[in-house]
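Inside the fold
Spelled out, the chains give:
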Amino acid sequence: MGTDRWLLAWALGSVALGATSLLIPLYFVTIGGSTLLLGVLAGTAAAAGAPGALLFGRLADRGGSRRVLVLVALGLAAAAIAVVSATESVPVVIAGNAVLWFSAGAAAPVLTLLVTVGSLERDWPNRFGALNRYQGWGWAGGLVLGLAWTTLLSGPLGVVAAQQTLLWVCAGITALAAVLSARWLPAEPSGASQPRPSRIARALARSRRLPVRSATLPIGPGRLYWLTRSLHPRQLAARLTPSLSLYFVAVLAVFTGFGVFWGPLPSYLAGTLGYSSGVVFALYLLSSLGSALCYGLAGRLAERYDAIGLQTTGLLGRAVLHPAVAVVGLAVPTGALGLLTNGVVFVGIGVAWAVVAITAAAIVTRLAPPAIRGEALGLYTALSGLATGLGSVLGGWLGGYSFTLTFGVAGGFVLVGTALVALLWRRAPEDAPTVATPSESL
């Protein structure tokens, strides 16, 4: 294990993040948070990571103590979870959740920088992959913890008490991760120069840093910071090709649809369908595992077939599957059959996400002129995060009227984006004859 022991500490912190990513929305619904405010909760979580990443990334990039920055982020996260666990105030939960995801976003670019310590630049993509494996499986472990804890203890303790005690446990896990990080994080290299952001951005673009998780928070704040570090909007706008511009419009539509779906989803599953917290955790876990198990296959398909065509297929699947969640609730009797059907739908949602995630960077690098590929990837990341946050708020508002309408609108946004991506099937070769190699994809 050697110098990589600190990755175990971050994996432990990721367990808490994975559990709270769903636990806090479920707790929010349990204490009476409205569907509209649930959308606000999800939207602020999606948006909070960006300023955290930009602030802490800039501090680390300017020579700030990376160890201290990681410890501060973990300490803030532990405190935020503790505050949420100790209150039943809706505004306080929203604020605490925002601080939690600000902290998670703040740690991400610093960890990206730390993982390069002591390694050659050509090895950085593999190092980023190792970081992703530790945090990704930690995240999945958090969903498993949430499933087991809420299933076993909701009966004896009651739903609220079971959720609160798990929040306390997650706060303790995060604090333990901070203690272990203080012991295991690599020492600051004395007198060593910081890696240039442009080199880290290129290495990130070559790596396959795919999270083992659902698309509730699909954009990595660490990637956002480094890929937008040298973003020059005027220069980028002047060099955008028509096809790349069209793809970015599609990205806005698609991720708005994703946000509309995922933002109010816990309220629908727990409130409308009456699923227990354990069942909701299980459905999210199925989606995450569906993605994780299909990333490899999606990558192999992307190397053999056209990435735009594959993404069109994946997006079309999601455009159908998001409304299908509402259709299952209306048409399939509640009970084991309805749960089984929803389980299949959630696996399909996860598989479709694997296809979309794998092909996204390959499409951007294919459509972008070589001089702005890094900046184009950064813009894709920023637009995805922005659209997800806005979509979450819109989904919460629509959910206050009808979940059938909400999931239909989500599918409609994704369908519009799918149609725009499909238009690129013929246009792309005219604007960008250079095709990205498999190593340039996510």
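Here, every reference points to the structure presented above.
A few points on the structure.

Cut-offs used in this document
- Residues numbered from 1 in each chain as written.
- Predicted model: local features only at pLDDT ≥ 70, side-chain atom pairs only at ≥ 80, totals over all residues.
- Heavy atoms only, no water.
- Helix = DSSP H or I, 4+ residues; strand = E, 2+ residues; numbered from the N terminus.
- Buried < 20%, exposed > 50% of the residue type's maximum accessible area, 1.4 Å probe, protein only.
- Contact = heavy atoms within 4.5 Å.
- Areas by Shrake-Rupley, 256 points an atom, 1.4 Å probe, with all protein chains shown as cover.
- Core = buried A, V, L, I, M, F, W, Y, C linked by side-chain atoms within 4.5 Å.
- Patch = residues over 30% accessible without salt bridge, like charges linked within 9 Å, V, L, I, M, F, W, Y side chains within 5 Å.
- Salt bridge = Lys/Arg side-chain N within 4 Å of Asp/Glu carboxyl O.
- Phe/Tyr/Trp six-rings, centres within 6.5 Å; stacked < 30°, edge-to-face > 60°.
- Lys NZ or Arg CZ within 6 Å of the ring centre and 35° of its normal.
- Expected span 1.5 Å × (residues − 1).
- Bend = angle between axes of the 7 residues up to and from the residue.

A closer look at the overall build of the protein
The secondary structure content of the protein amounts to 16 helices and 0 strands. For the protein, with 442 residues in total, the buried portion stands at 58%. Considering only contacts in the protein between residues 6 or more positions apart, those separated by 24 or more positions represent 87%. Counting only carbon and sulfur atoms, one obtains 68% of the accessible surface of the protein, whose full area is about 16700 Å².

Regarding the nonpolar core
Grouped together as the largest cluster of nonpolar side chains are 123 residues, with contacts concentrated most on Tyr247, Leu265, Leu269 and Val325. The dominant element in this core, judged by the number of residues it contributes, is helix 14 (residues 336-367), at 15 residues. Other than its neighbours up to four places away in sequence, Leu269 contacts Gly274, Tyr275, Val280, Leu283, Tyr284 and Phe346.

Regarding a nonpolar patch on the surface
A cluster of nonpolar side chains, Leu36, Leu37, Trp397, Tyr401 and Leu405, forms an exposed patch at the surface whose accessible area comes to about 510 Å². For Leu36, the location among the structural elements is in helix 2 (residues 35-61). By relative accessible area, which is 38% here, Leu36 ends up partly exposed.

Points about the environment of Gly75
By secondary structure assignment, the location of Gly75 is in helix 3 (residues 66-85). Take Gly75: its relative accessible area is 35%, and that puts it in the partly exposed class. For the pair Gly75 and Ala178, spaced 103 residues apart in the sequence, the C-alpha separation amounts to 6.7 Å.

Some thoughts on the environment of Ala371
Summarising the element assignment, Ala371 is placed in the loop between helix 14 and helix 15 (373-399). When the C-alpha positions of Ala371 and Arg239 are compared, they lie 8.8 Å apart, and in sequence the two are 132 residues distant.

Considering the pattern of salt bridges
In the structure shown here, the tally under the stated rule is 1 salt bridge. Linking Asp306 and Arg366 is a salt bridge whose minimum nitrogen-to-oxygen distance equals 2.5 Å. In this pair, Asp306 is assigned in the loop between helix 12 (277-304) and helix 13 (307-331) and Arg366 in helix 14, connecting sequence segments 60 residues apart. What makes Asp306 partly exposed here is its relative accessible area of 28%. Arg366 sits in the buried class, given a relative accessible area of 11%.

Details of the packing of aromatic side chains
Throughout the structure, instances matching the rule amount to 14 aromatic pairs. With a centroid separation of 5.2 Å and an interplanar angle of 55 degrees, the aromatic rings of Tyr268 and Phe403 are classed as tilted. In this pair, Tyr268 sits in helix 11 (residues 265-272) while Phe403 sits in helix 16 (residues 403-431), placing the two residues 135 residues apart along the sequence. Residue classification places Tyr268 among the buried residues on the basis of a relative accessible area of 4%. Summarising the aromatic geometry, the rings of Tyr284 and Phe346 are spaced 6.5 Å apart at their centres and angled 35 degrees between planes, so their arrangement reads as tilted. Highlighted residues: Tyr284 in helix 12 and Phe346 in helix 14, separated in sequence by 62 residues. Each member of the pair, Tyr284 as well as Phe346, is classed as buried. A network of ring pairs unites the aromatic residues Phe261, Trp262, Tyr268, Tyr284, Phe346, Phe403 and Phe407 as a single cluster. Across the ring face of Phe258, the terminal group of Arg318 is positioned such that the distance to the ring centre comes to 4.5 Å.

Details of helix 11
Two residues of an α-helix separated by three or four positions point the same way, owing to the 3.6 residues in each turn. For helix 11, every residue scored as buried is listed here: Leu265, Pro266, Ser267, Tyr268 and Leu269. Backbone geometry just downstream of helix 11 places Gly274 in the positive-phi region, at approximately 75 degrees.

Points about the environment of Val345
For Val345, the position within the fold is in helix 14. Here the alpha-carbon distance between Val345 and His322, two residues 23 residues apart in the chain, equals 8.6 Å. When sequence neighbours within four positions are dropped, the list of residues in contact with Val345 reads Leu321, Val325 and Val328.

Regarding helix 12
Spanning 28 residues, helix 12 covers 41 Å between terminal C-alpha atoms, matching the ideal 40 Å at 1.5 Å per step. At Cys294, helix 12 shows its largest bend, some 45 degrees.

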